[in-house]
Amino acid sequence: MTRLFFFLLGFGLSIIGFMYVVLYLNLIPIGYTFVEYLDFIIKRPECILGFIGFMILNVTIFYKEKF
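Draft legend 1. Region of interest: the environment of I30. Position of I30 relative to the elements: it lies in the loop between α1 (2-23) and α2 (34-43). Looking at I30, the relative accessible area reads 63%, which means it is exposed. Sequence spacing of I30 and E65 is 35 residues, and the spatial spacing of their C-alpha atoms is 48 Å.

So, in structure tokens, the structure goes:
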């Protein structure tokens, strides 16, 4: 049950975070370079949620519990 909770938590966080990463792609046509774009998304807390959620997903999928 705990794994299911953390899986859904990681899934939700990654969806929210990566949605903002895609939305912020609109900065590139208005004059941002790709390096400036990467610098911008690294500093945004809502984009960091995507990477945290992705790490939680990896841990819940690949972590083997010992019984």
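Draft legend 2. Spotlight on helix α3 (residues 45-62). Under the 1.5 Å per step criterion, the end-to-end length of α3 is 26 Å for 18 residues, consistent within 8% with the ideal 26 Å. Among the residues of α3, those classed as buried are E46, C47, G50, G53, L57 and T60. Along the axis of α3, the buried positions cluster into a sector of 135°, meaning they face one direction only. Within α3, the exposed residues directed more than 90 degrees away from the buried face are P45, V59 and F62. On its buried face, α3 sits against α1 and α2.

Procedures and definitions
- Residues numbered from 1 in each chain as written.
- Predicted model: local features only at pLDDT ≥ 70, side-chain atom pairs only at ≥ 80, totals over all residues.
- Heavy atoms only, no water.
- Helix = DSSP H or I, 4+ residues; strand = E, 2+ residues; numbered from the N terminus.
- Buried < 20%, exposed > 50% of the residue type's maximum accessible area, 1.4 Å probe, protein only.
- Expected span 1.5 Å × (residues − 1).
- Arc of directions from axis to C-beta.
- Contact = heavy atoms within 4.5 Å.

By themselves these figures say nothing about function.
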